[in-house]
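Residue-level listing of the chains:
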Amino acid sequence: MAAVSEIQSRCVIWFGHPLAAERAALAAAGWQVRSVDPLNAQAVGLRARDQLVGMIDLRQIPAAALVSVQAWIQQHDHLPLLAALPGGIASPPPSWQPLLDACPHRYVMPQDLAGLVDHLQRDQPDTTRVADSPAQRLIGDSPALLATRAALFKFAPVDLPVLVTGETGTGKELAAHALHAMSARAAHPFMAVNCGAIPANLVQSELFGHERGAFTGAAQRRLGLFESANGGTVFLDEVGDLPLDAQTSLLRVLQEGTIERVGSSQPLRVDVRVLAATHVDLEQAVAQGRFRRDLFYRLNVLRLAMPALRERSGDVLVLAEHFLRQFRARHQGRARGFSSCARQAMQRFDWPGNVRELLNRVQRAAIVADGELIEPADLDLVATLPAAARALLQDAREQVERELLLQALREHEFNVSACARHMQVSRVTVYRLCRKHQVELPALR
Ligand SMILES: Nc1ncnc2c1ncn2[C@@H]1O[C@H](COP(=O)(O)OP(=O)(O)OP(=O)(O)O)[C@@H](O)[C@H]1O
């Protein structure tokens, strides 16, 4: 593969040792953490091309290290500095004052971890702000998704294949987009193809192109996906469905960086990064002889496993709110939020179709909901509620139906025809509802 320009990394020089959760949250926001022994501050060298921020962790700095950290700060006075303070101290000891004076932004940690991450994402004097990073399009803040986002930041700048695995709808294509958009190839094409959707006899020609007259119907020379993506990224979705001859051609791209159009024996150089995705177990396909072992090893250099939604139930509501907000920004609808029953139903559901299914159910619910709050029935998730909650919901619905009926009857002086017109139902339905809710019309008139 051709060399591509290196991407600047973002690094927090942390004097002390961050907690695991602090390190994970920063990694998910695209910041590596370099932990430095404060007693040995003078030994720290900096890579000029990286974007750097210093963090003085005053929870851990021994008194003996204050002077050496201070000296280091003075030598690196161009570096933005932050301070982590312990919780529950009324006033900091005077010996910290020189360090605090150097740190305009201070965070009580770990309580204010979100504030720190927000600061790093928004307030850095950087042209490519992390808050705008494509990795942030993967919504969710569960530990599993934080790890996925951290892996995206790590893998994106490395010009090697990535194998993205995970069930359908977990965001494999979204992740592939993010990998491309955060790579040095971002200004070049991103071409995605679902290998399982191309008829077997056309795969070679789709991927690698063909010469005029290569086969019946090939009236013109045609560029394939790899040539069209030159300089950029090819995303092969469902790579396990590639026929064996196309697997051999793909191996040549990865090993030699060349392709051959169908009908030509002239190798052509292409410069592409290959990202592949599969929801089937490729190791098993290799064991069964359906997938080339050497190709598997080539594709599986970096592996990104997208977690199923049921493994990160904490993300369900965050995603649902996000999809509803997105929907409301584009369409009109009464629904502004989710009832507590709907939230409960979403959290109990198994989500076999993962995020795609959640997106579809929320969009549908936003259209069909009559009230301001989306209910389990709008999401078609009533069956997931426990029996007691289902019964409560049924009771509530019956009560609302009875109230609406009585109100319509009163407004029309118990005239069934007028009431039916108002409710846009037949007279028979009004009589049926009266029987169901034990409304005695003669007694009320
Ligand atoms: N974490 C996420 N945050 C926001 N949207 C997401 C997230 N994960 C997935 N989506 C959305 O869910 C839908 C399905 O995602 P995507 O197509 O990337 O899944 P996939 O794993 O490639 O599915 P398949 O295997 O069926 O091709 C898309 O609309 C995508 O934008």
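Residues numbered from 1 in each chain as written. Predicted model: local features only at pLDDT ≥ 70, side-chain atom pairs only at ≥ 80, totals over all residues. Heavy atoms only, no water.

Colleague: Can you walk me through the sheet that holds strand E7 (residues 190-194) in this structure?
Modeller: Whenever strands of a sheet pair, they do so through backbone hydrogen bonds, lying parallel or antiparallel. Strands sit in the order E7-E8-E11-E6-E12 across an open sheet of 5 strands; the sheet is parallel. Across the chains shown, the open sheet's two edge strands, defined by having one partner strand only, are E7 and strand E12 (302-305). Across the sheet, the mean angle from the axis of one strand to that of its neighbour is 20°, orientation sign disregarded. Two strands pair when backbone bridges link them, and strand E6 (residues 162-165) and strand E11 (residues 273-278) are joined in this way by 4 bridges, in the parallel orientation. If you follow Thr165 over to E11, its bridge partner there is Thr278. (Pairing = 2+ DSSP bridges. Helix = DSSP H or I, 4+ residues; strand = E, 2+ residues; numbered from the N terminus. Axes fitted to C-alpha atoms, helices over the stretch in contact; angles between N-to-C directions.)

Colleague: What is the right way to read the packing of aromatic side chains from this model?
Modeller: Ring pairs (aromatic) are described by centroid distance and by the angle formed between their planes. Counted under the stated rule, the structure contains 5 aromatic pairs. Centre to centre, the rings of Phe15 and Trp72 are 4.9 Å apart; their planes meet at 65°, and the pair counts as edge-to-face. Of this pair, Phe15 sits in strand E1 (residues 10-15) while Trp72 sits in helix H2 (residues 66-75), and the two are 57 residues apart along the sequence. You can call Phe15 buried: its relative accessible area is 0%. Between the aromatic rings of Phe349 and Trp351, the centroid separation amounts to 4.8 Å while the plane-to-plane angle is 85°, which identifies the pairing as edge-to-face. Trp351 sits in the buried class, given a relative accessible area of 1%. (Phe/Tyr/Trp six-rings, centres within 6.5 Å; stacked < 30°, edge-to-face > 60°. Buried < 20%, exposed > 50% of the residue type's maximum accessible area, 1.4 Å probe, protein only.)

Colleague: I'm lost on the UniProt feature "domain: Sigma-54 factor interaction" (unreviewed entry) in the chain in this one. Help?
Modeller: Under the local residue numbering, the UniProt record ascribes the feature "domain: Sigma-54 factor interaction" (unreviewed entry) to residues 138-367. Secondary structure across residues 138-367 comprises 43% helix and 13% strand; the distance between its end C-alpha atoms is 24 Å. (UniProt positions renumbered as here; feature names shortened; annotations may be inferred.)

Colleague: Would you mind showing me how to read helix H9 (residues 244-256) here?
Modeller: Two residues of an α-helix separated by three or four positions point the same way, owing to the 3.6 residues in each turn. For H9, which comprises 13 residues, the first-to-last C-alpha distance of 18 Å matches the rise-based estimate of 18 Å (1.5 Å per residue) to within 8%. Of the surrounding secondary structure, the elements contacted by the buried residues of H9 are helix H7 (203-208), helix H8 (225-228), strand E8 (233-237), strand E9 (258-259), E11 and helix H11 (293-299). Of the residues flanking the end of H9, it is Gly257, one or two places downstream, whose phi is positive at about 70°. (Expected span 1.5 Å × (residues − 1). Contact = heavy atoms within 4.5 Å.)

Colleague: Please explain the site of the ligand as it appears in this structure.
Modeller: Lining the immediate environment of the ligand, one finds 18 residues, of which Ile139, Thr168, Gly169, Lys172 and Arg356 sit closest. With respect to the ligand, the backbone of Glu173 contributes an N or O atom lying 3.0 Å from an oxygen atom. In this structure, Leu174 approaches the ligand through a main-chain N or O atom, which is 3.0 Å from an oxygen atom. Its free accessible area being 630 Å², the ligand has 83% of it covered by the protein chains. (Near = heavy atom within 4 Å. Polar contact = N/O pair within 3.5 Å; in protein donor to acceptor, adjacent residues only side chain to side chain. Areas by Shrake-Rupley, 256 points an atom, 1.4 Å probe, with all protein chains shown as cover.)

Colleague: Is there a simple way to explain the packing of helix H1 (residues 20-28) against helix H5 (residues 143-155) in this structure?
Modeller: Geometry of a packed helix pair, given as the angle between the helix axes and the separation of the axes. Between H1 and H5, the least distance of the axes is 7 Å, while the angle of their chain directions is 55°. Regarding the angle of H1 to H5, the classification is oblique. For the pair H1 and H5, the crossing hand works out as left-handed. For the pair H1 and H5, the contacting residues are Ala25, Ala27 and Ala28 in the first and Leu146, Arg149, Ala150 and Phe153 in the second. Of the residues in the contact of H1 with H5, the class split is 6 nonpolar, no polar and 1 charged. (Parallel < 35°, antiparallel > 145°, perpendicular 65-115°, else oblique. Left-handed = near helix turned anticlockwise from the far one by under 90°. Nonpolar A, V, L, I, M, F, W, Y, C, P; charged D, E, K, R; others polar.)

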